[in-house]
Amino acid sequence: MPQPARSADAPVTIPEAATAPATSTTAISASTLDVALHAQRNEFYRIGVFSGAGFILLAVLIWRFGIARGKQLAMEAFLARTERPREDDRLQQAVDAIAIEVERLSEGQRFINNVMSTRRPERESAPLPPRITTPVDGMRITPH
């Protein structure tokens, strides 16, 4: 049901607190109601402004620390790239040292093979005595 239009100074009835009976009403003028509503609206706006400012501050801080962390990670990556050639140089030196040692071993093996193939036997080797396949006392030898 639509409410009838009222003038600015017409009394308005609002129920009292929940402890009062439901039939009891208090007459409040429209100007008093407007002042109360205006105060509530201002309080609501003030709370909204503080909440908004808090969120903006939080966003700025997160953004600022995010940029600082990004710069820190970029610097660590740069330093890691500049230190890597030193590690690569050490690895290259170790591989070169191993290659030299392997070359020395192969030269030594080649020399020994050459010496062994050109060496003349100083004496003929003596023939081995024949193997005895049967025991002296006549017992049979088993393979275990």
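Cut-offs and rules
- Residues numbered from 1 in each chain as written.
- Predicted model: local features only at pLDDT ≥ 70, side-chain atom pairs only at ≥ 80, totals over all residues.
- Heavy atoms only, no water.
- Helix = DSSP H or I, 4+ residues; strand = E, 2+ residues; numbered from the N terminus.
- Buried < 20%, exposed > 50% of the residue type's maximum accessible area, 1.4 Å probe, protein only.
- Salt bridge = Lys/Arg side-chain N within 4 Å of Asp/Glu carboxyl O.
- Phe/Tyr/Trp six-rings, centres within 6.5 Å; stacked < 30°, edge-to-face > 60°.
- Patch = residues over 30% accessible without salt bridge, like charges linked within 9 Å, V, L, I, M, F, W, Y side chains within 5 Å.
- Areas by Shrake-Rupley, 256 points an atom, 1.4 Å probe, with all protein chains shown as cover.
- pLDDT = per-residue confidence, 0-100.

Counting secondary structure elements, the protein contains 1 helix and 2 strands. Starting at the N terminus, the α and β elements of the protein follow one another as β-β-α. Counting every position in the protein, which comprises 144 residues, the buried fraction comes to 2%.

A few words now on the pattern of salt bridges. As a working rule, side chains carrying opposite charge can pair if their charged atoms are close by. Under the criterion given, the structure shown has 3 salt bridges. The shortest N-O distance in the salt bridge between Arg-46 and Glu-43 comes to 2.6 Å. Here Arg-46 and its partner Glu-43 are both found in helix H1 (residues 30–118), 3 residues apart, which amounts to about one turn of the helix. By relative accessible area, Arg-46 is classed as partly exposed at 44%. Relative accessible area serves as the criterion here: at 35%, Glu-43 is assigned to the partly exposed category. Here Glu-101 and Arg-104 are joined by a salt bridge, their closest N and O atoms 3.0 Å apart. Here Glu-101 and its partner Arg-104 are both found in helix H1, 3 residues apart, which amounts to about one turn of the helix. Look at Arg-104 and you get exposed, because its relative accessible area is 55%.

Now for the packing of aromatic side chains. One pass over the full model with this rule turns up 1 aromatic pair. Seen in terms of ring centroids, Phe-44 and Tyr-45 are 6.2 Å apart; in terms of plane orientation they differ by 50 degrees. Their pairing is tilted. You can call Phe-44 exposed: its relative accessible area is 60%.

Together, Phe-111, Ile-112, Val-115 and Met-116 make up an exposed nonpolar region whose accessible area comes to about 400 Å². Within the secondary structure layout, Met-116 lies in helix H1.

Predicted coordinates in regions of low pLDDT should not be interpreted in detail. For the protein, the mean per-residue pLDDT works out to 78, and 65% of the residues sit at or above 70. The weakest mean pLDDT in the protein belongs to strand E1 (residues 11–15) at 55; the strongest belongs to H1 at 89.

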